[in-house]
Amino acid sequence: MIYLDNAATSFPKPEPVYQALDRFARTTLANPGRAGHHMATAAEKTLDDVRHALNQFFLGAAPERWAFTLNATDALNMAIKGVIQPGDHVVTTDLEHNSISRPLVALEQAGTISLTRIKSTDGYITADDVKAALTPKTALVAMTHASNVLGTVQPIEAIAPIVRASGALFLVDAAQSAGVVPIDLKATPIDLLAFPGHKALYGPTGTGALYVGPRTDGRIRAWREGGTGGDSSSPTQPAILPYFLEGGTPNVLGLAGLLAGVLWVADRGPDALRKHEVDHLQKVGDWVESSDAWRIAGRWEPSTHVGALSLIVPDSLTPQDLGSILDVTFDVAVRPGLHCAPYIHRNLGTFPDGALRLSPSPFTTDDEISRFLEALTEITAGVL
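Please read all numbers here as calculations on a predicted model, not as lab measurements.

Undergrad: Residues and numbers for the overall build of the protein chain, please.
TA: Counting its secondary structure elements, the protein chain contains 11 helices and 13 strands. A globule of 384 residues ought to have a C-alpha radius of gyration of about 21 Å, and the protein chain, at 21 Å, matches this closely. Each principal axis of the C-alpha distribution contributes one length, and for the protein chain these read about 70 × 55 × 35 Å. Burial statistics for the protein chain: of 384 residues in total, 57% are counted as buried. For the protein chain, long-range pairs separated by at least 24 residues make up 69% of all intrachain contacts whose partners lie at least 6 apart in sequence. Taken as a whole, the protein chain presents about 15400 Å² of accessible surface, with 53% of it coming from carbon and sulfur. With 30 positive and 41 negative side-chain charges, the protein chain shows a spacing of 7 Å between the two charge centroids.

Here's what the structure looks like:
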């Protein structure tokens, strides 16, 4: 298969990830921190190693500020529902995945918060847009770093200081950027950073993390309560990080794979990995430019783009039809539809059918992109 759905889940994984999963499953798959035997302590050390690797990679304040989650959705819910208070005002954007949009809309409909949704222009939000949306009651600005539909990278380095000056917390969804766009938590005042492990960090599904910066201390509430392994005597969740946010047995096997993925990405560098993917998308952009029937969703600027690109299909076809034909006839995996981000599709005028998204990886080849474009040409030859 020509796999061009890496914005959903990366495939294949780097070989060290498979090796780490196999080795850990065979030798160290015990319950971390729940016993004194050597397998349990080795499993706990693996979790510590992942926290240290993440803290070093993103330049966070301390390893214990990285709480493990099931995925980015879990991390975003933990952040949003952990810090919001009744009467708060929240700012978000129309670029958001439902992982941000749905929790906020649910809180708005319950009367808990008031919500402002900034409308993007050609797939971008500016710092001035955010500044204009802030009010004295704004407690949280929650936004994506890179759109999962358009691939457009938002200027969080310019936005973060404005949010910090207002006194609000800044929550960044790095689902599409972590691993391919450098994020420096020392230089950029981000309070909460959420991402999955299974995309551009090349871990398995069921992994993710939430970074909780120092300004969240005393403000974030536990998302779940339960066993933490270390302190069983307290009647409530132990207040110490990261265990305050990590009730229950973590996906230690998956996190062992994530550790290998993070180290693989750190060795190659996010910029180099992003360039490989965007160079492939440039070939698609050139093909679209030569066509009267196809369009790119949003503004295509390679310098501010990750490896995801959505195509607005010709009027005579639907993204779903194209995706099915590509899969069944040409063995090409892409993602048609709304991509769990309906607000940006309404902005684009592509609601309710959506668009056709492709997302290459570091393992995608020139030949695979050429074969994808040849397939599109063949499919549409008889109807355009």
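Right, picking up where we left off after that structure.
Undergrad: Give a description of the environment of His-97 that names residues and reports values.
TA: You can see His-97 is positioned in the loop between strand S3 (89-93) and helix H4 (98-109). A C-alpha to C-alpha distance of 24 Å links His-97 and Val-262, two positions 165 residues apart in sequence. When neighbours within four sequence positions are excluded, His-97 is seen to be in contact with Asn-148, Asp-173, His-339, Cys-340 and Ala-341. At 3.0 Å, the side chain of His-97 forms a polar contact with the side chain of Ser-99.

Undergrad: I'd love a proper account of the sheet that holds strand S10 (residues 309-312), names of residues and values included.
TA: With antiparallel pairing, the four strands of this open sheet are ordered in space as S9-S10-S13-S12. Edge positions in the open sheet fall to strand S9 (295-296) and strand S12 (335-337), since each of these has one partner strand only. Strands in contact with helix H8 (residues 270-289) are S9, S10 and strand S13 (355-358); relative to S10, the strand with the most contacts, it is inclined by about 15°.

Undergrad: A description of the pattern of salt bridges should follow, citing residues and the corresponding values.
TA: What the rule picks out here adds up to 14 salt bridges. Measuring nitrogen to oxygen at the nearest pair gives 3.5 Å for the salt bridge that ties Asp-122 to Arg-299. With Asp-122 in the loop between strand S4 (114-118) and helix H5 (127-133) and Arg-299 in the loop between S9 and S10, this residue pair connects regions lying 177 residues apart in the sequence. Among the salt bridges present, the one from Arg-164 reaches Asp-191, with a minimum N-O distance of 3.0 Å. In this pair, Arg-164 sits in helix H6 (residues 156-166) while Asp-191 sits in the loop between strand S6 (169-173) and strand S7 (192-196), placing the two residues 27 residues apart along the sequence.

Undergrad: Can you lay out the sheet that holds S4 for me, pointing to particular residues and giving the numbers?
TA: The strand order S2-S8-S7-S6-S5-S3-S4 describes an open sheet built from seven strands, whose pairing is mixed. Unpaired on one side and paired on the other, strand S2 (66-69) and S4 mark the two borders of the sheet. Geometrically, the sheet is characterised by an average inter-axis angle of 15° between neighbouring strands, direction not taken into account. Bridge analysis of S6 against S7 gives three bridges, and the strand direction is parallel. Each bridged residue has a counterpart across the sheet, and for Val-172 the counterpart in S7 is Leu-193. Sheet contacts for H4: S3, S4, strand S5 (138-144) and S6; angle to S4, the most-contacted strand, approximately 145°.

Undergrad: Now, about the packing of H8 against helix H11 (residues 366-380): what can you tell me, with residues and values included?
TA: Between H8 and H11, whose axes approach to 10 Å, the crossing angle comes to 25°. Our classification of the angle between H8 and H11 gives roughly parallel. Relative to H11, the crossing made by H8 is right-handed. Touching His-280, Lys-283, Val-284 and Trp-287 of H8 are Asp-366, Ile-369, Leu-373, Leu-376 and Thr-377, all from H11. The residue inventory of the contact of H8 with H11, partitioned by class, reads five nonpolar, two polar and two charged.

Undergrad: Would you mind going over the nonpolar core in detail, with residue names and values included?
TA: Membership of the largest hydrophobic core comes to 59 residues, with the highest contact counts inside it found for Leu-54, Phe-58, Trp-66, Phe-170, Leu-193 and Phe-195. Here this core takes eight residues from helix H7 (residues 252-268), the largest share from any one element. Dropping the residues within four chain positions of it, Leu-193 is found in contact with Phe-58, Trp-66, Val-172, Ala-174, Ile-183, Leu-185, Ala-209, Leu-210 and Tyr-211. Of all hydrophobic cores here, the second largest spans 28 residues; its members include Ile-80, Ile-84, Leu-107 and Leu-245.

Undergrad: So what about helix H2 (residues 38-58)? Which residues, and what values?
TA: With 21 residues, H2 extends 30 Å from end C-alpha to end C-alpha; this agrees with the ideal 30 Å at 1.5 Å per step. Of the surrounding elements, those touching the buried residues of H2 are helix H1 (15-27), S2, S7, strand S8 (208-212), H7 and H8. Positioned one or two residues after H2, Leu-59 has a phi angle of 60°, which is positive.

Undergrad: Quick one: what's the story with the packing of helix H3 (residues 72-83) against H4, residue by residue and with numbers?
TA: Each packed pair of helices is defined by two parameters, the angle between the axes and the distance between the axes. Across the interface, H3 lies against H4 with an axial gap of 9 Å and an inter-helix angle of 35°. Crossing of H3 over H4 shows right-handed handedness. For the pair formed by H3 and H4, the contact residues are Thr-73, Leu-76, Asn-77, Ile-80 and Lys-81 on the first element and Ser-99, Ile-100, Pro-103, Leu-104 and Leu-107 on the second. Of the residues contributing to the contact of H3 with H4, the split by class is six nonpolar, three polar and one charged.

Undergrad: Go over the packing of aromatic side chains, please, and point to the residues and values.
TA: The final tally for this structure, using the stated rule, is nine aromatic pairs. Where Phe-57 meets Phe-58, the ring centres are 4.9 Å apart and the plane angle is 90°; that geometry is what we call edge-to-face. When sorted by exposure, Phe-57 lands in the same class as Phe-58, which is buried. Ring geometry for Trp-66 against Tyr-211: centres 4.8 Å apart, planes inclined by 45°, an arrangement best described as tilted. Here the residue Trp-66 occupies a position in strand S2, and Tyr-211 occupies one in strand S8, the gap between them amounting to 145 residues. With a relative accessible area of 0%, Trp-66 lands in the buried category. Through pairs of rings, three or more aromatic residues link up here, namely Phe-57, Phe-58, Trp-66, Phe-195 and Tyr-211. Directly above the ring of Tyr-343 sits Arg-117, whose terminal nitrogen or CZ lies 3.6 Å from the centroid. Looking at Arg-346, its charged tip hangs above the ring of Phe-351, at a distance of 3.7 Å from the centre.

About the criteria used
- Residues numbered from 1 in each chain as written.
- Predicted model: local features only at pLDDT ≥ 70, side-chain atom pairs only at ≥ 80, totals over all residues.
- Heavy atoms only, no water.
- Helix = DSSP H or I, 4+ residues; strand = E, 2+ residues; numbered from the N terminus.
- Rg over C-alpha atoms; globule rule 2.2 N^0.38 Å.
- Buried < 20%, exposed > 50% of the residue type's maximum accessible area, 1.4 Å probe, protein only.
- Contact = heavy atoms within 4.5 Å.
- Areas by Shrake-Rupley, 256 points an atom, 1.4 Å probe, with all protein chains shown as cover.
- Lys, Arg positive; Asp, Glu negative; His and termini not counted.
- Charge placed at Lys NZ, Arg CZ, Asp CG, Glu CD.
- Polar contact = N/O pair within 3.5 Å; in protein donor to acceptor, adjacent residues only side chain to side chain.
- Pairing = 2+ DSSP bridges.
- Axes fitted to C-alpha atoms, helices over the stretch in contact; angles between N-to-C directions.
- Salt bridge = Lys/Arg side-chain N within 4 Å of Asp/Glu carboxyl O.
- Parallel < 35°, antiparallel > 145°, perpendicular 65-115°, else oblique.
- Left-handed = near helix turned anticlockwise from the far one by under 90°.
- Nonpolar A, V, L, I, M, F, W, Y, C, P; charged D, E, K, R; others polar.
- Core = buried A, V, L, I, M, F, W, Y, C linked by side-chain atoms within 4.5 Å.
- Expected span 1.5 Å × (residues − 1).
- Phe/Tyr/Trp six-rings, centres within 6.5 Å; stacked < 30°, edge-to-face > 60°.
- Lys NZ or Arg CZ within 6 Å of the ring centre and 35° of its normal.

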